[in-house]
Amino acid sequence: MKNTKIEWCDATLNPVIGCKHGCPYCYAKSMNKRFGFIENWEDPQFFIERLRQLNTAYPKSVFMDSMSDIAFWKDEWIEKTFEVISRNPKNSYIFLSKDPAAIRKFIIFKNLTRRMADCVFFGITITNNSDLLKLDECEVDFVSLEPILSPVNISCFANHPEIKQIIIGAETGTRKDKIIPEKWWIDDIVRKAGSLQIKVFMKNSLKEIMGSDFRQDSLIWSK
Ligand code: SF4
């Protein structure tokens, strides 16, 4: 388990490294290229021994897949992970995916695991309006609008009362075609989220753009 610069959690664990999505802005792939965690980024690998670190002394919020997407976790990896989570319910476990089918599958595994406490949170990544259709295919606790690549009309969140939190972040890194969000994109989301009583947490990448309108509401997994 590693302390992290990701502002909305205490640590990352990453029992799986690698991803086949191929997003052009992928920071995790660059990290793997730099540090060589696995040989082939598109052939995800399971590091079962990392799960032992979930037996923490104090409660932590742990992002479980900052170096993968759960879409590519094998069933036995999911089973093993939830088995260990069920023995350590004091922590909050946060899973993020771009794939609604993966989230549906993980929720089934979570519900199958005996004595599973209510400590697991699922989120989906949405970067533009066309991604919003994914919300009709799964139930999530939060939505990650990161990197936000265009204006996103979240009015449809009214049909998804299960969404309690939005995280918004700008693309980081030095990619040639990097997209810098406009302030009004974020203002529009904040206004609509307010009317739906959804919490908004902006990542530090938005500080400069948002100025005095920068905000970080409390997180639903804070204990
Ligand atoms: S889903 Fe995440 S880990 Fe996978 S390629 Fe895209 S940014 Fe990278």
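Residues numbered from 1 in each chain as written. Predicted model: local features only at pLDDT ≥ 70, side-chain atom pairs only at ≥ 80, totals over all residues.

Topic: the sheet that holds strand S10 (residues 199-202)
Pairing between sheet strands relies on hydrogen bonds along the backbone, with the strands arranged either parallel or antiparallel. Strand order in this open sheet of 8 strands is S1-S2-S5-S6-S7-S8-S9-S10, and the pairing throughout is mixed. Lying at the two open borders of the sheet, with one neighbouring strand each, are strand S1 (2-3) and S10. As judged from the 2 bridges shared by strand S2 (residues 11-12) and strand S5 (residues 61-63), these two strands associate in the parallel manner. Residue pairing in the sheet places alanine 11 in a bridge with valine 62 of S5. In the packing of helix H4 (residues 183-195) onto the sheet, contacts are made with strand S8 (142-145), strand S9 (165-168) and S10, and the angle to S9 comes to roughly 170°. (Pairing = 2+ DSSP bridges. Helix = DSSP H or I, 4+ residues; strand = E, 2+ residues; numbered from the N terminus. Contact = placed C-beta atoms within 7 Å. Axes fitted to C-alpha atoms, helices over the stretch in contact; angles between N-to-C directions.)

Regarding the environment of phenylalanine 72
With respect to the helices and strands, phenylalanine 72 occurs in the loop between S5 and helix H2 (75-86). The partly exposed category is assigned to phenylalanine 72, around which 19 C-beta atoms lie within 10 Å. Along the sequence, phenylalanine 72 and histidine 21 sit 51 residues apart, while their C-alpha atoms lie 9.2 Å from each other. For phenylalanine 72, the residues in contact, after removing those within four places along its chain, are Gly18, Cys19, Lys20 and Pro44. (Buried ≥ 20, exposed ≤ 12 C-beta atoms within 10 Å, placed from the backbone.)

Brief notes about unusual backbone geometry
Residues glutamate 146 and proline 147 are joined by a peptide bond in cis, for which omega reads -5°. For asparagine 14, which is not glycine, the phi dihedral falls at a positive 60°. Positionally, asparagine 14 belongs in the loop between S2 and strand S3 (16-17). Judged by C-beta crowding, with 19 C-beta atoms within 10 Å, asparagine 14 ranks as partly exposed. Non-glycine residue glutamine 197 carries a positive phi angle of around 55°.

A short note on H4
Its 13 residues place the ends of H4 19 Å apart at the C-alpha level, agreeing with the 18 Å of an ideal helix rising 1.5 Å per residue. Here H4 has its buried residues at Ile186, Ile189 and Ala193. Looking straight down H4, one finds that the buried residues subtend no more than 60° of arc, so they occupy a single side. Of the exposed residues in H4, the ones pointing more than 90 degrees away from its buried face are Trp184, Asp187, Arg191, Gly194 and Ser195. Following H4 by one or two positions, glutamine 197 adopts a phi angle in the positive range, close to 55°. (Expected span 1.5 Å × (residues − 1). Arc of directions from axis to C-beta.)

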